[in-house]
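A closer look at the structure
Below are the chains, spelled out letter by letter.
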Amino acid sequence: MATDDTSLETFLRRIEEFEQDATPALRDAATPEELEAARIRFLGDRSGLLKSIQRELGSLAKEDKPAGGRAFNQVKTRVEALHEERGRALADASRGASSGRDLTMPPRRQWSGAKHPVTLVIEEIAEIFRELGFTIALGPQVETEWYNFGALNFPPDHPAMDAHDTLYLRDDILLRTHTSPVQIRTLQRFPPPIRILAPGDVFRRDFFDASHAPMFAQIEGLCVDEGISFVDLKTMLTNFARRFFGAARTRFRPSYFPFTEPSAEMDVECQLCKGAGCPVCKQTGWTEILGSGMVHPAVLESAGVDPEKYTGWAFGMGPARIALQRYDIPDIRILYDSDVRFLEQIARPAGGDA
Ligand SMILES: [Zn+2]
């Protein structure tokens, strides 16, 4: 091997130093003139540094040439790209400065965020019931089977407990299917009189369609005291429906729930079709807004409340369904799409009342 051959190691160091010097010179060039000066110095055709390194490539030993050539080409590509990129940036900047900007263009409106329609519904419901003496109670989303079903008088083989309907995490640990466990937890902690609203997310094994979702908000109410009767239930809920839905007609239908006896579903006239029938109300002209009933004595008993002394009523509803009614939304899936173009038609700015 001839002694005047450049060693590969020296060559690689040279190419590395070249890149270290060229990078800041090109990247930080403040004007097209500075950039051009840097280009001539590093990338110039005749006396540029890269040219002289290319010449050195020729004096590498034959077996070192492939490795040296590869390193040379990689650096060359990177540095040339940097030069091009900086050239474009400087050109863009100069165009922006010289071409007159349109100062009459309206400014972009600032989107400051707003409350989701379902949150608005929950807050409105809570406000009406607050005036009726109800306070908010919250509970865990992961529950035991006992709080979710057993304490609520579900028989052990009730179909709702099936894994087809309920999301189990472990044997008897599940994602709550309703906010009713909050009623039990409240009755266990506080002596009557009790008036609570329990809003929160609940989970069921449903597929998305126009009126179902696997996770949705629910809001329940519970009133337990001495001498509470079905008259109280009907008065309170009718009062609520009048205030919330305006002059809409309402009706109660007998129903069945394990945790209430007697039970009733409350319907309001479909706000979308005004009673004429549409897909949302399944052509009936009515929309079910809540289930309700007198708290079953067995439920009071399992929460440690004396059913001989106290009675109570409870209701539960889905704020998402109510949001569909309230804002004339034809499909519940829109509420979960996070499309702000839709949501901002309904949303009010957070904290604002406008
Ligand atoms: Zn309808």
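Just so we're clear, the structure is a prediction, and the values are computed from it rather than from any experiment.

Quick notes on the packing of aromatic side chains
Following the criterion strictly, the structure yields 13 aromatic pairs and no others. Here a set of aromatic residues connected by ring pairs shows up, and it is made of F129, F134, F240, F244, F245, W313 and F315.

So, helix 10 (residues 319-326)
Every α-helix winds through 3.6 residues per turn, so residues three or four apart in the chain are directed the same way. Counting buried positions over the 8 residues of helix 10 gives 6, a clear majority of the element. Considered for burial, the residues of helix 10 that qualify are P319, A320, I322, A323, L324 and Q325. For helix 10, the elements touching its buried residues are helix 5 (117-131), strand 6 (215-225), helix 8 (230-245), strand 8 (260-269), strand 9 (286-295) and strand 10 (311-317). Following helix 10 by one or two positions, D328 adopts a phi angle in the positive range, close to 50°.

Notes on the confidence of the model for the protein chain
The predicted coordinates of low-pLDDT regions are not to be read in fine detail. Averaged over the protein chain, the pLDDT score is 87; the fraction of residues at 70 or greater is 94%. Ranking the elements of the protein chain by mean pLDDT puts helix 11 (residues 340-346) last with 76 and strand 1 (residues 135-136) first with 96.

Some details on the sheet that holds strand 4 (residues 173-175)
Read from one edge to the other, the open sheet built from 3 strands follows the order 2-4-3, with strand pairing classed as antiparallel. What marks the edges here is a single partner per strand, and that holds for strand 2 (142-144) and strand 3 (168-170). Across the sheet, the axes of successive neighbouring strands diverge by a mean angle of 35°, strand direction being ignored.

Comments concerning a negative patch on the surface
On the surface, a cluster of negative charge is made up of D162, D165, D206 and D209. Along the polypeptide, D206 turns up in the loop between strand 5 (194-203) and strand 6.

Describing the nonpolar core
I125 and W313 are the most contacted members of the largest nonpolar core, which has 40 residues in total. For this core, the secondary-structure elements that each account for two or more residues are helix 5, strand 6, helix 8, strand 8, strand 9, strand 10, helix 10 and helix 11. Counting residues per element, this core draws most heavily on helix 5, at 8 residues. The next biggest cluster of nonpolar side chains, apart from the first, holds 25 residues, and it includes Y147, F259, V305 and A314.

Notes on the packing of helix 1 (residues 8-27) against helix 3 (residues 49-57)
It is the contact of helix 1 with helix 3, at a shortest axis distance of 11 Å, that shows an interaxial angle of 165°. When the interaxial angle is binned, helix 1 and helix 3 end up roughly antiparallel. For the pair helix 1 and helix 3, the sense of crossing is left-handed. Across the interface between the two elements, F11, R14, I15 and F18 from helix 1 touch L49, L50, S52, I53, E56 and L57 from helix 3. Classifying every residue of the contact of helix 1 with helix 3 by side-chain character gives 7 nonpolar, 1 polar and 2 charged.

Some points on the sheet that holds strand 9
On the basis of which strands lie adjacent, the open sheet formed by 7 strands has the order 1-5-6-10-9-8-7 and mixed pairing. The open sheet has two edge strands, strand 1 and strand 7 (250-257), and neither has a second partner. One ladder, built from 7 bridges, connects strand 6 with strand 10; its direction is antiparallel. Note that in strand 10 the partner of G221 across the bridge is F315. Of the strands in this sheet, strand 6, strand 8, strand 9 and strand 10 touch helix 10, which is tilted by about 105° from strand 6.

Structural notes on the pairing of strand 6
Where burial is concerned, most of strand 6 is hidden: 10 out of the 11 residues are buried. Pairing geometry for strand 5 and strand 6, over 10 bridges, is antiparallel. By the bridge assignment, V202 is partnered in strand 6 with F216.

Thresholds, definitions, all that
- Every chain is numbered on its own, with residues counted from 1 as its sequence reads.
- Note on the predicted model: pLDDT of at least 70 is required for a residue's local features to be given, and 80 or more for side-chain atom pairs to be given and counted; whole-chain, interface and lining totals, by contrast, use all residues.
- Only hydrogens and water are set aside; all other atoms, that is, all heavy atoms of the structure, feed into the side-chain values.
- In this analysis, rings of Phe, Tyr and Trp, with Trp reduced to its six-membered ring, are considered paired at centre separations within 6.5 Å, and the interplanar angle assigns stacked below 30 degrees, edge-to-face beyond 60, and tilted for intermediate values.
- Remark: exposure states derive from per-residue accessible area (1.4 Å probe, protein chains only) relative to the maximum for the residue type, with buried under 20%, exposed over 50%, and partly exposed in between.
- Strands here are runs of E lasting at least two residues and helices are runs of H or I lasting at least four, both read from the DSSP assignment and numbered beginning at the N terminus.
- Contact criterion: two residues are considered in contact whenever any of their non-hydrogen atoms come within 4.5 Å of each other.
- What pLDDT conveys is the predictor's confidence in a given residue, as a value from 0 to 100.
- Two strands are said to pair when DSSP picks up at least two bridges between them.
- With axes taken as lines fitted to C-alpha atoms, and helix axes fitted only over the stretch in contact, angles between N-to-C directions fall between 0 and 180 degrees.
- Patch members must show over 30% relative accessible area and no salt bridge, and they are joined within 9 Å when carrying like charges or within 5 Å when they are nonpolar side chains of Val, Leu, Ile, Met, Phe, Trp or Tyr.
- Methods summary: accessible areas were calculated by the Shrake-Rupley approach with a probe of 1.4 Å, and residue burial reflects only the protein chains presented.
- Salt bridges, as used here, are contacts in which a Lys or Arg side-chain nitrogen is within 4 Å of a carboxyl oxygen on Asp or Glu.
- Under the counting rule used here, the positive set is Lys and Arg, the negative set is Asp and Glu, and His together with the chain ends is not counted.
- Here the site of a charge means atom NZ of a Lys, CZ of an Arg, CG of an Asp or CD of a Glu.
- Think of a nonpolar core as a cluster: buried Ala, Val, Leu, Ile, Met, Phe, Trp, Tyr and Cys residues, connected wherever their side-chain atoms sit within 4.5 Å.
- Reported orientations rely on four angle classes, namely roughly parallel under 35 degrees, roughly antiparallel over 145, roughly perpendicular from 65 to 115, and oblique for the rest.
- For any helix crossing, the convention is left-handed if the near helix is rotated counterclockwise from the far helix by under a right angle, and right-handed if that rotation is clockwise.
- Under the scheme applied here, ten amino acids are nonpolar (Ala, Val, Leu, Ile, Met, Phe, Trp, Tyr, Cys and Pro), four are charged (Asp, Glu, Lys and Arg), and all others, including Gly, are polar.

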